[in-house]
Amino acid sequence: MTPQITDGSDLPVCLLGDRLVFYSTVDCVAYCPLRVVLECPEGASWDGATIPKYCWSLIGHPLQKEFRFASLFHDRSCERAETLEQRAIGDAIFRDLLRQAGVCWWRRTAMWLAVRVYGVYLMRKRAL
């Protein structure tokens, strides 16, 4: 059985520069209305929540444990997204994972809005 991971405190990662790197392979499992599994192999890395430095005092540091699992899951799901609808599903799961990690409503709403706006921009840019 794959363990459920709900925040970043139990992810098998180490800090390497400004990135988190997996030191063992793990299946990341999200339980929303459905069970979604994404594999993260040993050596894979990500930069946490992509929060501009000027917003750190308001939103928080990109590598905060409350953001780790949600940002990891969002990055991996968006890498696989081929349509705006698939991106929207990843964004919705991101918001729910932030809620499950205990991120307050205004902070998770601000983060969700940022990924939605960027996602729509990025997907439209790809279509051109």
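Our subject is the structure listed above.
Keep in mind that what you see is a predicted model, and the values were worked out from it rather than measured.

1. Observations concerning the layout of surface pockets
Now for step 1: As a volume, the largest pocket reaches approximately 540 Å³.
Now for step 2: Surrounding the largest pocket, 22 residues form its lining, A49, T50, A114, V115 and Y118 being those nearest its centre.
Now for step 3: Elements with a contribution of two residues or more to the lining of the largest pocket: helix 1 (65–80), helix 2 (84–100) and helix 3 (105–127).
Now for step 4: Ranked by residue count, the leading element in the lining of the largest pocket is helix 3, at seven residues.
Now for step 5: Grouping the constituent residues of the lining of the largest pocket by class yields 14 nonpolar, four polar and four charged.
Now for step 6: One number sums up the size of the second largest pocket: a volume of about 160 Å³.

2. Thoughts on helix 2
Note on helix geometry: an α-helix contains 3.6 residues per turn, so any two residues three or four positions apart are oriented the same way.
Now for step 1: In this model helix 2 runs 24 Å from its N-terminal to its C-terminal C-alpha over 17 residues, within 8% of the 24 Å that 1.5 Å per residue would give.
Now for step 2: Of the residues making up helix 2, those classed as buried are R87, G90, D91, I93, F94, L97 and L98. End-on, the buried residues of helix 2 take up no more than an arc of 165°, which puts them together on one face. Away from its buried face, by an angle of more than 90 degrees, helix 2 presents the exposed residues E85 and I89.

3. Things to note about the packing of aromatic side chains
Now for step 1: According to the stated counting rule, one finds one aromatic pair in the structure shown.
Now for step 2: With a centroid separation of 6.0 Å and 50° between ring planes, the pair formed by F69 and F73 is classed as tilted. One end of the pair, F69, and the other, F73, are both in helix 1, four residues apart, so they sit about a helical turn from each other. You'll find F69 and F73 in the same group, each marked buried.

What counts, and where the lines are drawn
- Residues numbered from 1 in each chain as written.
- Predicted model: local features only at pLDDT ≥ 70, side-chain atom pairs only at ≥ 80, totals over all residues.
- Heavy atoms only, no water.
- 1 Å grid on protein atoms, 1.4 Å probe; cavity = no way out; pocket = protein on both sides within 12 Å on 5 of 7 lines; lining within 4 Å.
- Points joined across faces, edges and corners; volume = space filled by probe spheres on them.
- Helix = DSSP H or I, 4+ residues; strand = E, 2+ residues; numbered from the N terminus.
- Nonpolar A, V, L, I, M, F, W, Y, C, P; charged D, E, K, R; others polar.
- Expected span 1.5 Å × (residues − 1).
- Buried < 20%, exposed > 50% of the residue type's maximum accessible area, 1.4 Å probe, protein only.
- Arc of directions from axis to C-beta.
- Phe/Tyr/Trp six-rings, centres within 6.5 Å; stacked < 30°, edge-to-face > 60°.

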